[in-house]
Amino acid sequence: MLKNVIFLICALATSVQGQNVVRVTGLVGFDDPSQYSFLAGTTYDLTATMVLDEGDDDFEENITLLYLTDKMIDEATPPATLVPEAIYIMDVGVPLDVPVPDFGITPSNFRIGGNIVVIWPSYADPAIDSLEINVNVADTLTTGFSETVYKQWIPQLNQGSFPLEMAHQAGASAFRVYDISGKRIPANADNQISLRGMPSGLYLLSFLYQGRMHVYKWMYTSNP
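Residues numbered from 1 in each chain as written. Predicted model: local features only at pLDDT ≥ 70, side-chain atom pairs only at ≥ 80, totals over all residues. Heavy atoms only, no water.

**Student:** What is the right way to read the sheet that holds strand β7 (residues 113-122) from this model?
**Tutor:** Adjacent strands of a sheet form backbone hydrogen bonds with each other and so pair up, either parallel or antiparallel. Pairing is mixed across the open sheet formed by five strands, whose spatial order is β2-β8-β7-β4-β5. Since the sheet does not close on itself, it has two edges, and those belong to β2 (38-39) and β5 (80-90), each with one partner. Summarising the sheet, strand β4 (residues 59-69) and β7 pair through six bridges and their orientation is antiparallel. From the neighbouring strand, Tyr67 faces β7, where its bridge partner is Ile119. (Pairing = 2+ DSSP bridges. Helix = DSSP H or I, 4+ residues; strand = E, 2+ residues; numbered from the N terminus.)

This is the structure we're talking about:
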């Protein structure tokens, strides 16, 4: 562990060549890892927040957001791009939200289980601060939930709409449905997940049940 910490410090420690300090203060889109596990091989839409701590009001730089996981450190993999380089204009102390579309939980960069992820901005005057988050990744091949749960939930989804109250009453939480590309299908205002209007094809159902992350893949046939 000490080796990993030293490597991480070496990877991030740079001298600041000026007065501007830009840092990442938040990343929206990764839930609390104690409540939900993200699926390996899927993609997520995230939002990173950057702040300029000091400097003048006409800050304008090419910035790219980089990330590094502990699995990447263990395997001597260089930092990867979270957000490609782009021009950002920032005022001191004013948070700037940066979209991160289709960020992939790749098996090459994330291990199954807990992952420490460090995110930081890279630009002409490198930042000295970084954001550290914990991301729990579940294997999409995990199975093992009871036949009773299957009989309650999958038929509902195949009919096109699933009320989440059923999952909560059965003792499950963090119920999620994804299409085969990894795009999450959100619940609507009625607290239901609806597949009406979605094309036929493979879908993923995931949830926490009895302390385990369960993932099930099934074929949905849309109703005319």
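Now that the structure is up, let's keep going.
**Student:** Which parts of the structure should I look at to understand the pairing of strand β12 (residues 201-209)?
**Tutor:** Within a regular beta strand, the side chains point alternately toward one face of the sheet and then the other, so they alternate between its two faces. Extensive coverage of β12 is indicated by the burial of eight of its nine residues. Two strands pair when backbone bridges link them, and strand β10 (residues 172-179) and β12 are joined in this way by six bridges, in the antiparallel orientation. Considered in β12, the bridge of Asp179 is made with Tyr203. (Buried < 20%, exposed > 50% of the residue type's maximum accessible area, 1.4 Å probe, protein only.)

**Student:** Please clarify how unusual backbone geometry should be interpreted in this entry.
**Tutor:** Note: most peptide bonds trans; most residues except glycine with negative phi. Of note, the phi angle at Ala76 is positive, near 55°, even though the residue is not glycine. Among the secondary structure elements, Ala76 is positioned in the loop between α2 (70-74) and β5. Although it is not a glycine, Asp102 adopts a positive phi angle of roughly 55°. Within the secondary structure, Asp102 sits in strand β6 (residues 96-104).

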